[in-house]
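So the chains spell out like this:
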Amino acid sequence: MPANARPATEDFAATIVHWQKQAGRHGLPWQASRDPYPIWLSEIMLQQTQVGTVIGYYQRFLARFPTLQALARATQDEVMPYWAGLGYYARARNLHRCAQQVAEQWGGHFPRKVDDLMQLPGIGRSTAAAIAAFAYGERQPIMDGNVKRVFTRYFGVYGNPASRAVEIELWNYAQAVLDAADPKLDMTAYTQGLMDLGSSRCTRGRPTCEQCPLNTRCYARLESRQHELPTPKPRKTNSERQCKMLILEQEGKILLEQRPSRGIWGGLWSLPQYEDQNGLADACLNLGVNIEHGQKMAALQHVFSHFKLHIEPWYLHCPPTRVSEPSPEQAWVAIEDLPGTALPAPVKKLLCSIKEIIEGARKNTQ
Ligand code: SF4
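Here is what the cut-offs are and how they apply
Residues numbered from 1 in each chain as written. Predicted model: local features only at pLDDT ≥ 70, side-chain atom pairs only at ≥ 80, totals over all residues. Heavy atoms only, no water. Domains from an automatic or database assignment. Contact = heavy atoms within 4.5 Å. Salt bridge = Lys/Arg side-chain N within 4 Å of Asp/Glu carboxyl O. Polar contact = N/O pair within 3.5 Å; in protein donor to acceptor, adjacent residues only side chain to side chain. Nonpolar A, V, L, I, M, F, W, Y, C, P; charged D, E, K, R; others polar. Core = buried A, V, L, I, M, F, W, Y, C linked by side-chain atoms within 4.5 Å. Buried < 20%, exposed > 50% of the residue type's maximum accessible area, 1.4 Å probe, protein only. Helix = DSSP H or I, 4+ residues; strand = E, 2+ residues; numbered from the N terminus. Axes fitted to C-alpha atoms, helices over the stretch in contact; angles between N-to-C directions. Parallel < 35°, antiparallel > 145°, perpendicular 65-115°, else oblique. Left-handed = near helix turned anticlockwise from the far one by under 90°. Near = heavy atom within 4 Å. Expected span 1.5 Å × (residues − 1).

### Here's the deal with the domain arrangement of the protein chain
Many analyses report the size of an interface as the accessible area lost when the parts associate. The domains assigned to the protein chain are domain 1 (3-228) and domain 2 (239-365). Inter-centroid distance (C-alpha atoms) of domain 1 to domain 2 is 38 Å. Tallying the contact residues gives 9 residues for domain 1 and 15 residues for domain 2. Our count for the contact surface shared by domain 1 and domain 2 stands at 0 salt bridges. Here domain 1 is connected to domain 2 by 3 residue pairs in polar contact (both at pLDDT 80 or more). Among the residues forming the side of domain 1 that touches domain 2, the class breakdown is 5 nonpolar, 2 polar and 2 charged.

Rendered as structure tokens:
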């Protein structure tokens with residue numbers, strides 16, 4: 001945008017604070033406390049997940065792990081069921097490692113400085129600044145996805161928002177508006193206000209500029225260029241993948257397999273999964289069963305951020321004497337224990353929807 005039309009940095013922060021107090025979000029469960037533990041938990045859950053979804057998970061998680069020490073003492077297997085369904089499971093693994101690190105290296109107290117917070121697993125610059133602002137009132141800029149959108153539109157910043165050059169420019173603006181603000185700026189209201197404005201007014205598809213406190217100075221609004229900003233990222237080709245899943249049932253138990261800790265659904269329990277029919281058939285033979293006696297279930301799909309997975313489930317019921325010992329990463333789980341097991345959301349849905357069929361098959365063989 002032309003330099004002479006660049007919107008002002010003065011009053012930007014004060015405008016956001018004033019608006020947040022009038023129209024921002026209040027009464028969210030994690031806003032009631034200045035304790036960095038629940039604040040940190042909420043910030044990690046809110047990465048990639050909307051507030052409405054997070055609230056229930058947040059409350060269940062805190063009820064089970066009410067303190068950082070309780071979380072640090074738990075095993076990963078105890079933690080994962082409380083994250084199952086939220087997606088992006090690396091967040092849960094980092095959360096657990098972070099709690100252990102804070103317990104061991106910081107005496108159980110989160111550090112106050114952004115630079116120290118950023119050294120902890122799963123905490124980037126923006127999350128560190130948000131925790132420091134909400135817990136300690138520290139004066140540091142944030143730049144999550146919603147806030148990025150506000151800054152690119154307000155200041156008219158073009159270019160791929162994931163590129164280093166644009167990132168640097170946006171952080172510079174975020175720092176400049178703080179430098180221009182009153183030294184007594186309410187950092188809690190400012191940080192919350194930026195997040196609220198990005199998620200409720202400056203939305204991706206239809207920003208409601210008429211209700212935005214920045215509308216008299218916003219570049220995108222004044223030039224009617226909201227639809228151009230942020231500049232769309234270069235399109236990724238979205239690939240499709242196929243897999244077979246085995247639902248092997250024996251005496252009311254299902255064979256599950258723990259996923260490797262890295263990668264899709266890392267650390268969760270899932271159904272044994274194979275690339276093709278040959279892989280499924282071979283695995284069944286290794287277990288001492290024959291997939292030709294199995295039953296193909298209705299296929300389902302799950303969309304990840306970078307590919308779509310087509311799942312073809314196969315159900316096989318067999319008497320106990322027919323199955324060999326499972327491998328070390330596999331375990332038999334009773335059907336009634338499935339709801340409390342850390343399963344990926346589509347697998348849980350699949351197992352719930354076929355529960356009646358499994359129980360029917362079991363009765364037929366009794
Ligand atoms: S005026 Fe519109 S485009 Fe500009 S920051 Fe506000 S909501 Fe976003």
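### Structural notes on the nonpolar core
It is characteristic of soluble globular proteins that their nonpolar side chains tend to be buried jointly. Counting residues in hydrophobic clusters, the biggest one holds 100 residues, and the most contacted among them are Trp40, Phe61, Phe151 and Tyr190. In terms of residues, this core owes the most to one element, helix α8 (residues 125-136), which gives 8 residues. Here this core gathers at least three residues from each of two domains, domain 1 (3-228) and domain 2 (239-365). Residue contacts for Trp40: discarding those within four places in its chain leaves Leu68, Leu71, Leu95, Cys98, Ala99, Phe110, Ile123 and Ile131. Core analysis: the next-biggest nonpolar cluster, separate from the first, contains 13 residues, Leu248, Leu255, Leu287 and Leu316 among them.

### Here we look at the packing of helix α2 (residues 36-46) against helix α3 (residues 51-64)
Running from amino to carboxyl end, α2 crosses α3 at an angle of 140 degrees, the nearest separation of the two axes being 10 Å. Put simply, α2 runs oblique to α3. Here the hand of the crossing between α2 and α3 comes out right-handed. Within the contact between the two elements, α2 uses Tyr37, Pro38, Leu41, Ser42, Met45 and Leu46 and α3 uses Val51, Val54, Tyr57, Tyr58, Phe61 and Leu62.

### A closer look at the site of the ligand
What surrounds the ligand is the set Arg153, Arg201, Cys202, Cys209, Cys212, Asn215, Cys218, Arg221 and Gln226. Class assignment for the residues of the shell around the ligand results in 4 nonpolar, 2 polar and 3 charged.

### So, the packing of α2 against helix α6 (residues 90-105)
Helix-helix packing is characterised by the crossing angle of the two axes and by the distance between the axes. Taken N-terminus to C-terminus, the directions of α2 and α6 make an angle of 160 degrees; their axes are 10 Å apart at the nearest point. Viewed along their axes, α2 and α6 adopt a mutual orientation that is roughly antiparallel. The interaxial crossing formed by α2 with α6 has right-handed handedness. Here Trp40, Leu41, Ile44, Met45 and Leu46 of α2 come into contact with α6, specifically with Arg91, Leu95, Cys98 and Ala99.

### Thoughts on α8
Over its 12 residues, α8 extends 16 Å from the first C-alpha to the last, a length consistent with the 16 Å expected when each residue adds 1.5 Å. Of all 12 residues in α8, 10 are buried; the element is thus mostly enclosed. For α8, the set of buried residues is Ser126, Thr127, Ala128, Ala129, Ala130, Ile131, Ala132, Ala133, Phe134 and Ala135. Against α2, α7 (114-117), α10 (164-179) and α11 (187-200) lie the buried residues of α8. Looking one or two residues beyond α8, the residue adopting positive phi is Gly137, at roughly 70 degrees.

### So, the environment of Ser324
Mapped onto the elements, Ser324 comes out in the loop between β7 (307-317) and β8 (330-334). Counting along the chain gives 39 residues from Ser324 to Leu285, while the straight-line C-alpha distance between them is 9.4 Å.

### Structural notes on the environment of His109
The topology assignment puts His109 in the loop between α6 and α7. A relative accessible area of 57% means that His109 is categorised as exposed. Remark: the alpha-carbon pair of His109 and Ala174, spanning 65 residues in sequence, is separated by 28 Å.

### Quick notes on unusual backbone geometry
Of note, the amide linkage connecting Leu229 to Pro230 takes the cis form, showing an omega dihedral of -5 degrees. Structurally, Pro230 is set in the loop between α12 (219-222) and β1 (239-250). Although it is not a glycine, Gln48 adopts a positive phi angle of roughly 75 degrees. Summarising the element assignment, Gln48 is placed in the loop between α2 and α3.

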